[in-house]
Amino acid sequence: MTIFSDDVISGVTGHMNGDHAADNLLIARAFGYPGATASTMVGVTEAAGLWRVTDADGEHELSVAWPGGPISERPEIRREVVALYTAACAKLGVPARGEHEEPGASHADGAGEASDAAETTAPDRPFSVVIRESSWSDHSDSEGATFMEDIMRGKGSLQDYVDLVAQHYFMYEALEAAADRVAGDPRFAGFHTPSLVRLPALEADLAHLIGADWRDRIVAVPATLEYAARMREVAAEGWVAGVVAHHYTRYLGDLSGGQYIAKRVAKQHDLPSAGIAFYDFSELGDLTEFKNEYRAALDVLGAQLDEGERARMLDEVRTAYAFNTAVFRDLGRAKLAAA
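Residues numbered from 1 in each chain as written. Predicted model: local features only at pLDDT ≥ 70, side-chain atom pairs only at ≥ 80, totals over all residues. Heavy atoms only, no water.

**Q** How do you make sense of the overall build of the protein chain when you look at a structure like this?
**A** Each helix and strand counted, the protein chain has 16 helices and 3 strands in total. Counting the 339 residues in the protein chain, one finds 55% classified as buried. Across the protein chain, every contact between residues at least 6 apart in sequence was considered, and the portion connecting residues at least 24 apart equals 73%. Accessible area for the protein chain stands at about 14,400 Å²; split by element, carbon and sulfur atoms hold 53% of it. (Helix = DSSP H or I, 4+ residues; strand = E, 2+ residues; numbered from the N terminus. Buried < 20%, exposed > 50% of the residue type's maximum accessible area, 1.4 Å probe, protein only. Contact = heavy atoms within 4.5 Å. Areas by Shrake-Rupley, 256 points an atom, 1.4 Å probe, with all protein chains shown as cover.)

**Q** What am I meant to see in the sheet that holds strand 1 (residues 38-44) here?
**A** Sheet architecture is open: 3 strands sit in the order 1-2-3, paired in antiparallel fashion. The open sheet is flanked by strand 1 and strand 3 (58-65), the only strands paired with a single partner. Ignoring which end each strand starts from, the neighbouring axes of this sheet average 25 degrees apart. Here strand 1 pairs with strand 2 (residues 48-55) via 6 bridges, running antiparallel. Opposite A38, over in strand 2, you have T54 as the bridge partner. (Pairing = 2+ DSSP bridges. Axes fitted to C-alpha atoms, helices over the stretch in contact; angles between N-to-C directions.)

**Q** Any chance you could explain the packing of aromatic side chains here in plain terms?
**A** Any two aromatic rings considered together are summarised by their centre-to-centre distance and by the angle between their planes. All told, the structure shown has 9 aromatic pairs when counted by the stated rule. Look at Y169 and W214: their rings are 5.1 Å apart centre to centre, the planes differ by 75 degrees, and that puts the pair in the edge-to-face class. Within this pair, whereas Y169 is found in helix 9 (residues 158-181), its partner W214 is found in helix 11 (residues 214-217), the two being separated by 45 residues in sequence. Of the residues examined, Y169 reaches a relative accessible area of 7% and is grouped as buried. Since its relative accessible area comes to 5%, W214 is described here as buried. A network of ring pairs unites the aromatic residues Y172, Y251, F278 and Y279 as a single cluster. If you follow R312 out to its NZ or CZ, it ends over the ring of W239, 3.6 Å from the centre. (Phe/Tyr/Trp six-rings, centres within 6.5 Å; stacked < 30°, edge-to-face > 60°. Lys NZ or Arg CZ within 6 Å of the ring centre and 35° of its normal.)

**Q** Before we go on, may I ask you to explain helix 13 (residues 240-255) in this structure?
**A** Between its first and last C-alpha, helix 13 extends 21 Å over 16 residues, near the 22 Å set by a 1.5 Å rise per residue. Counting buried positions along helix 13 gives 15 out of 16 residues, so the element sits mostly inside the fold. (Expected span 1.5 Å × (residues − 1).)

**Q** How do you make sense of the side chain of N324 when you look at a structure like this?
**A** In this structure, N324 sits in helix 16 (residues 307-338). When sequence neighbours within four positions are dropped, the list of residues in contact with N324 reads Y227 and R250.

**Q** I keep staring at the packing of helix 9 against helix 16 and nothing clicks. Help me out?
**A** How two helices sit against one another is set out by the angle between their axes and by the gap between those axes. Contact geometry of helix 9 with helix 16 gives a least axis separation of 11 Å together with a crossing angle of 140 degrees. Judged on the interaxial angle alone, helix 16 and helix 9 are oblique. For the pair helix 9 and helix 16, the sense of crossing is right-handed. Contacts between helix 9 and helix 16 involve D160, D163, L164, Q167 and M171 on the former and, on the latter, V327, F328, L331 and K335. Per-class residue counts for the contact of helix 9 with helix 16 are 5 nonpolar, 1 polar and 3 charged. (Parallel < 35°, antiparallel > 145°, perpendicular 65-115°, else oblique. Left-handed = near helix turned anticlockwise from the far one by under 90°. Nonpolar A, V, L, I, M, F, W, Y, C, P; charged D, E, K, R; others polar.)

**Q** Help me understand the environment of E149 in this model?
**A** Residue placement: E149 occurs in helix 8 (residues 147-152). Overall, the relative accessible area of 8% leaves E149 in the buried class. It is 8.2 Å that separates the C-alpha atoms of E149 and G43, two residues lying 106 residues apart in sequence.

**Q** What is the right way to look at the pattern of salt bridges in this model?
**A** Proximity of charged atoms lets side chains of opposite charge pair with each other. Counted by the stated rule, this structure contains 15 salt bridges. E59 serves as the salt-bridge partner of R52, at 3.6 Å between the closest nitrogen and oxygen. A single network of salt bridges, built from pairs that share partners, joins R52, E59, E61 and K267. (Salt bridge = Lys/Arg side-chain N within 4 Å of Asp/Glu carboxyl O.)

**Q** Just to check I follow, could you spell out helix 14 (residues 257-269) for this structure?
**A** For an α-helix, the turn length of 3.6 residues means that residues three or four places apart are oriented alike. Here helix 14 is 13 residues long and its end C-alpha atoms lie 18 Å apart, about the 18 Å a rise of 1.5 Å per residue gives. All of the buried residues in helix 14 are G257, G258, Y260, I261, A262, R264, V265, A266 and H269. Contacts made by the buried residues of helix 14 are with strand 1, strand 2, helix 8, helix 9 and helix 13. Phi for D270, located one or two positions after helix 14, is positive at around 55 degrees.

What follows is the structure, encoded as structure tokens:
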């Protein structure tokens, strides 16, 4: 049993699978599966990090104990993951990257504090790195809910997944309307392309999962309504950086940890492409290349913002993460109430 809430685990695994996939592979090869061809981080406990590893013999579960011993606080996760990465590099004879040797303050200290925000808005650092690091610790407790953790670990029901897809529909209805509203602004040009649009895929998924009358049968939980309202508010203001904050938080997650969710759900519930079309970004081409281009666009935007606007955008990224967490809580509560 883990002492970390599902949103914390989702945040850590999503970050590792999205931004440090190569590091996951190094850890797998160094600590149990030298022939590993794929490695996905799937969990965090007080004693160890958990990975799902693929090699020539199939799929395996890998648990690697934290080098510093058992942990209990959110900031300690990052410290121990870095220690595992560094140890894996040493064992395999691979040079460790500087970004791991000198972690940003926002990883170690709680990114929501004003002092951290001032440090992470430094203009001499790539803004994409600032955003990624500042969001590491911005996943609040989910009051014991394990809704998303169950889905990611293959323990969730098909109804859990259907409920998640329904919330996505309401979220992306607001998000894509917000994107359309600022589409004419040159600062937004590098972020949104037609191949990113998710609403048609969500409609196809819901029709397959629920039926032709799906619109009459889905309900947004309170946090989703608040989340959508916030995105519409930001768009109505014409605040491009704010729209990008929500755009980045949702789409980069879909392109990273979301890909693992799709594989897990499809396998567990025997779903065809119609049931997981939301996660199909094949029209974008190489996803790693697209994410790199997206991060480059973030760097360009960051260079155009003054310190106050960078800090304000980082706060909005944290707001987006907080809403995402609240949605998981509400889904978990609704599930318990229906039991």
